[in-house]
Amino acid sequence: MASPGFTDVFAALVAVINAKFPEVAELLLKRVVLQLKRAYKRNDKPQLLAAVKFIAHLVNQQVAEELIALELVSVLLEVPTDDSVEVAVGFVTECGAMLQDVTPKGLHGIFERFRGILHEGDIDKRVQYLIEGLFAIRKAKFQGHPAVRPELDLVEEKYSHDLSIDDEVNPETSLDVFKPDPDFVENEKKYEALKKELLGEDESEDEDGSDASSDDNDEEEDESDEEDEEQMRIRDETETNLVNLRRTIYLTIMSSVDFEEAGHKLLKIKLEPGQEMELCIMLLECCSQERTYLRYYGLLGQRFCMINKIHQENFEKCFVQQYSMIHRLETNKLRNVAKFFAHLLGKDALPWHVLAYIRLTEEDTTSSSRIFIKILFQELSEHLGIKLLNERLQDPTMQESLESIFPKDNPKNTRFAINFFTSIGLGGITENLREYLKNMPRLIMQQQKQVAESESESSSGSDSSSSESESESSSSSSDESDREKKRKRRRS
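Residues numbered from 1 in each chain as written. Predicted model: local features only at pLDDT ≥ 70, side-chain atom pairs only at ≥ 80, totals over all residues. Heavy atoms only, no water.

## Some details on the overall build of the chain
Our working definition: A run of H or I in DSSP becomes a helix once it reaches four residues, and a run of E becomes a strand once it reaches two; helices and strands are each numbered from the N terminus. When accessible area is computed with a 1.4 Å probe and restricted to protein chains, residues below 20% of their type maximum are described as buried, those above 50% as exposed, and intermediate ones as partly exposed. Contacts are assigned to residue pairs with any non-hydrogen atoms lying within 4.5 Å of each other. Throughout, the Shrake-Rupley method with a 1.4 Å probe supplies accessible areas, and for residues the shown protein chains are the sole cover considered.
Helix and strand counts for the chain come out as 21 helices and zero strands. The proportion of buried residues among the 492 residues of the chain is 34%. For the chain, contacts bridging at least 24 residues in sequence account for 73% of all contacts bridging at least 6. When the accessible area of the chain is evaluated, it comes to approximately 31,200 Å², of which 49% is carbon and sulfur surface.

## Some points on the packing of aromatic side chains
Stated precisely, the cut-off is as follows: Centre distance within 6.5 Å is the pairing criterion for rings of Phe, Tyr and Trp, where only the six-membered ring of Trp is used; planes under 30 degrees apart are then read as stacked, over 60 as edge-to-face, and the remainder as tilted. In this scheme, the term charge over a ring applies when either NZ of a lysine or CZ of an arginine sits within 6 Å of the ring centre and within 35 degrees of the ring normal.
With the rule as written, the count across this model stands at 11 aromatic pairs. Relative to F341, the ring of F319 has its centre 5.1 Å away and its plane inclined at 90 degrees; by these criteria the two rings are edge-to-face. Pair noted here: F319 is in helix 15 (residues 309-324) and F341 is in helix 16 (residues 331-346), with a separation of 22 residues, a long-range link. Its relative accessible area of 0% is what places F319 among the buried residues. Since its relative accessible area comes to 0%, F341 is described here as buried. Three or more aromatic residues link up through ring pairs in this structure, and these residues are F315, F319, Y323, F340, F341 and F372. When the ring centre of W352 is taken as reference, the NZ or CZ atom of R392 above it lies at 4.9 Å.

## As for the packing of helix 13 (residues 276-289) against helix 15
Our working definition: Note on definitions: angles span 0 to 180 degrees between N-to-C directions of axes, and those axes are lines fitted to C-alpha atoms, for helices only across the stretch in contact. When an angle is under 35 degrees it counts as roughly parallel; over 145 it counts as roughly antiparallel; between 65 and 115 it counts as roughly perpendicular; any other value is oblique. In this scheme, a crossing is called left-handed if the near helix is turned counterclockwise away from the far one by less than a right angle; it is called right-handed if the turn is clockwise.
Following both chains from N to C, one finds helix 13 and helix 15 inclined at 55 degrees, their axes separated by 9 Å at the closest point. In terms of orientation, helix 13 lies oblique with respect to helix 15. Both helix 13 and helix 15 take part in a crossing whose hand is right-handed. Residue-level contacts link E276, M277, L279, C280, I281, L283 and L284 of helix 13 to I310, H311, N314, F315, K317, C318, Q321 and Q322 of helix 15.

The following block contains the structure:
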């Protein structure tokens, strides 16, 4: 029911099971009929289409009698609506070739009913075209819509189950609950015998792995093969493998219809450790080569960032690398790269701390880097809106990363950042910077005052220490003069 495209394959599998276990196939047919009835009552068109298609292919495989097909079409066309007629057309398209061979009169009656509905004209034009297309398919003897494809005709002796839509169907839901089997050992032996009959004795022996010696030999051979591989391993210095990998990635990206298909195919490519970066580089390179930016690349990059953190880290390295070489890019490439990274940042696929690599001052930027920053922030404002962008930039956890874009170290750099964002139409995100610039003289005065106070404290400390040293020196000199006077008195 989940994969209607493979219905004929599943029906072929049911036919094989029906040849050995008819009870299982009959139970499955009953449950499909029950699902069909439920979907018809609930007006669940997708479920009804899937169930009808399954029954059509079960009729083609002769698991079900053709009478159930005739009953089903009569029920659908009894009170024709756009949906019921569309489902009936699909059903007859699938099993019309079978009905043409088995019951041509019944198929003729079905097409007469279709012709009557067409003449009445009560249904939508689209459905009328579907009926006309069905008549064309019948005229071509259902070419392109065979009952059973040759590769799916697997059973010679067919066994059909006679089941009617009007019958009371017992789904036997009790079988879905596990119950211990009192004759488990005997039934298991029967099952093993049946399995050998179905699969053959050779396969069962391989599965049992009765030969212990063969296992030992296999292990020895594996070890010797590994040793030979290590000895024969050749180092590729010409980077041929890398070039082939890049070519494969490029062709996969360019040949995919949408980003989901591209992501699915790229994930299947086997990358050796350390080659994940090549995927990110090629994706960015393909994006930059386009005439205009395609959202396809942004969505693909976002998908990879969400799948694996390694890709996120690699795209962060790509951001740093591209910004350092931004002066080498043409304007068109520069625009595409900026929009690509703006998409990743806007969708939170890339952490915002990568903005710390950008330093927005007159000396640290060139004309190319200013264009890059301009497109990056303009795209972010389009993705998020100016209000949400402002909230994100004012987040306290982001301030350390944004110091280089909104510099506060020098009034000149602060004014340059304010003027830059105002000139590109994003003056709203510089309100905090303007407030800081407005209060900067007062902050500078406070800093100077604090410096002066600290200097005065240090100078007063030095004066007191000098006075103390002077008093000490004077007291020591007076002591020496007293000693000399005493000596003179003694001599006299």
